[in-house]
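Listed below, chain by chain, are the residues.
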Amino acid sequence: MRNRTLLLVEDDAQDEALTLRALAKAGVGNRIDVVRDGQQALDYLFGEGEFAERVSASLPAVVLLDIGLPKLSGLDVLTRLRAHPRTRLLPVVILTSSDEPEDLLRSYENGANSFVPKPVDFAEFAQTVASLGVYWMATNDPVESAPDGC
Amino acid sequence: MTGPTRPGQLRTSTAALRIVLVYTIVAIAWIALSDLAVDALFNNPAHLVWVNMLKGWLFVLVTAGLLYGLITRLVSRIKQLAAEREALEIEQQARLERRVAQRTAELQAANEELNSFAYAVSHDLRAPLRAMNGFSEALIEDHHAELDPAARGHLDQIRAASARMHALIDGLLALSRATRGDLDRSRVNLSEIVSRQLEDLQIQEPERTVEAIIEPNVVVEGDQRMLEAVTANLVHNAWKYSAGLERAVIRFGTTQLDGQTAVYIEDNGAGFDMRHAAALFKPFQRLHRQDEFPGIGIGLATVQRIIHRHGGDVIGEARRNEGARFVFTTCPRESG
């Protein structure tokens, strides 16, 4: 695997621990950054606020984005990312506890690359996260940096 | 009542009689008084002829004027009453519309509340469950050697409990989802759906021998997706509660419910005690212990919600160890 970063946007500390564990078990050795609310996710990706030093840093290979986030929901984050030239082509996977048909529809409408409900059963969850990690970090080829819109 | 009072009643026969009476009284008075007046004022017989003629013409003029006045008054009274009635009808209509709008808003608010509740359930209650499940698993994976069989048994209990809670949450969501969305009525062939659902169950449990007696082409009007959920729950129950019988029989067909054509699904299984039937359709209420027949008690609550949403009725009848029978309609009684 190339030296690419995965950004996990997750407010639940236990889900975070379980996700990291599953990724590690699947042999995903990439650097994994974690942010815990919608605003932090935007700051991280746009290099603003507490992440001002990241303004010229390269984007992660994929963002695993929860929907139920404090401050700014995952769907709002997604809409902002798609509206910005820097992040409009960034691969975003919605990884959520919800299996509401409406969330699924709105995720795709807002430009999600994938929608994955988190299984409650841990064995299934680990399997799901592992295959996501391997696919998006090793198999998928993202646009390295989106060409500026104008 | 806060609205305007009802408009006065007008009886046409009374009004006409009143006009005739006034006319008669005036005419009688005129005839009596005018003759007296003429006698008193005019003594010359030569004048009497033209005085009498003049008196006759005057009579016609005065009574014509009188009739004109009386009839005009009556017509304007009729017009006024009609206007009052129309105003009242408009007011009543407006009040009715306001009430419908208010009820609709209340219903929408209740629905939205239910939706956001279901949403919270689906998002927020699942995460802690995943954690319970996940960390128990992690404990087994990472510390297997240090755990004695008793400790592993306790962990199994934790995981069984979280699996059960998972089922409860999914059931709650299924219940709230069952009646969300628009009711899309079409003609639905329940016989085909029930046959398919029974075949699926037979594939899942090939060791069971169940005789299915299905009346063909039972077609009802209703929402296809919702009615599939209804029969799925009833068929599944019939299947479940007839387990352990050597000769299980599940029947599906049409019958009558309060004089209306209805559909039934019955089995010859465990049944239930009719003394507890009041709890039958309540969410999370069960008439069997977990060690008799496991379950979460959401299926019949879902069935009842869907049937009520259709305006229909559902009843359950049973005898202990002789089987249960569920009968439902999918249309309000007036139109069905």
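About the cut-offs
- Residues numbered from 1 in each chain as written.
- Chains lettered and ligands numbered in written order.
- Predicted model: local features only at pLDDT ≥ 70, side-chain atom pairs only at ≥ 80, totals over all residues.
- Heavy atoms only, no water.
- Contact = heavy atoms within 4.5 Å.
- Buried area = accessible area lost by both parts, 1.4 Å probe.
- Salt bridge = Lys/Arg side-chain N within 4 Å of Asp/Glu carboxyl O.
- Helix = DSSP H or I, 4+ residues; strand = E, 2+ residues; numbered from the N terminus.
- Nonpolar A, V, L, I, M, F, W, Y, C, P; charged D, E, K, R; others polar.
- Phe/Tyr/Trp six-rings, centres within 6.5 Å; stacked < 30°, edge-to-face > 60°.
- Buried < 20%, exposed > 50% of the residue type's maximum accessible area, 1.4 Å probe, protein only.
- Axes fitted to C-alpha atoms, helices over the stretch in contact; angles between N-to-C directions.
- Parallel < 35°, antiparallel > 145°, perpendicular 65-115°, else oblique.
- Left-handed = near helix turned anticlockwise from the far one by under 90°.

K.L.:
Mind laying out the interface of chain A and chain B, listing which residues take part and the relevant values?
P.N.:
Counting residues at the interface gives 22 residues for chain A, matched by 19 residues for chain B. Taken together, the two surfaces of chain A and chain B that pack against each other cover about 1800 Å², and 50% of this comes from carbon and sulfur. For the pair chain A and chain B, the number of links is five salt bridges. For the salt bridge of B:Arg126 with A:Asp99, the shortest nitrogen-to-oxygen distance reads 3.2 Å. Counting only elements with at least two residues in the side of chain A that touches chain B, the list comes to α1 (13–25), α4 (101–109) and α5 (122–139) of chain A. Ranked by residues supplied to the side of chain A that touches chain B, first place goes to α1(A) with six residues. Its residues placed into classes, the side of chain A that touches chain B shows eight nonpolar, five polar and nine charged.

K.L.:
A description of the packing of aromatic side chains should follow, citing residues and the corresponding values.
P.N.:
By the definition in use, this model includes seven aromatic pairs over all chains. Both rings, one in A:Tyr44 and one in A:Phe51, keep their centres 5.3 Å apart while their planes meet at 75 degrees; by these two values the pair is edge-to-face. The same class applies to A:Tyr44 and to A:Phe51, which are both buried. Ring geometry for B:Phe272 versus B:Phe326: centroids 6.3 Å apart, planes at 40 degrees, classification tilted. Here B:Phe326 lies in strand β7 (residues 323–328) and B:Phe272 lies in the loop between β5 (260–267) and α7 (299–309), a separation of 54 residues in the sequence. We classify B:Phe272 as buried; its relative accessible area is 5%.

K.L.:
Requested: an account of the pattern of salt bridges, with residues and values cited.
P.N.:
Enumeration according to the criterion identifies 26 salt bridges over all chains in this entry. Residue B:Glu106 pairs with B:Arg103 through a salt bridge whose shortest N-O separation is 4.0 Å. With B:Glu106 and B:Arg103 both in helix α2 (residues 45–124) and three residues apart, this pair spans about one turn of that helix. The structure contains a network of salt bridges with shared partners spanning A:Glu10, A:Asp15, A:Asp66, A:Lys118 and B:Arg130.

K.L.:
I'd love a proper account of the packing of α1(A) against α5(A), names of residues and values included.
P.N.:
Residues and elements named next belong to chain A. It is at 8 Å that the axes of α1 and α5 come closest, and there the two elements cross at 60 degrees. Between α1 and α5, the angle falls in the class oblique. Here α1 and α5 pass one another in a crossing that is right-handed. Contacts between α1 and α5 involve Asp15, Leu18, Thr19, Arg21, Ala22 and Leu23 on the former and, on the latter, Phe122, Phe125, Ala126, Val129, Ala130 and Gly133. Among the residues forming the contact of α1 with α5, the class breakdown is eight nonpolar, two polar and two charged.

Everything listed is a geometric property; what it means functionally is a separate question.
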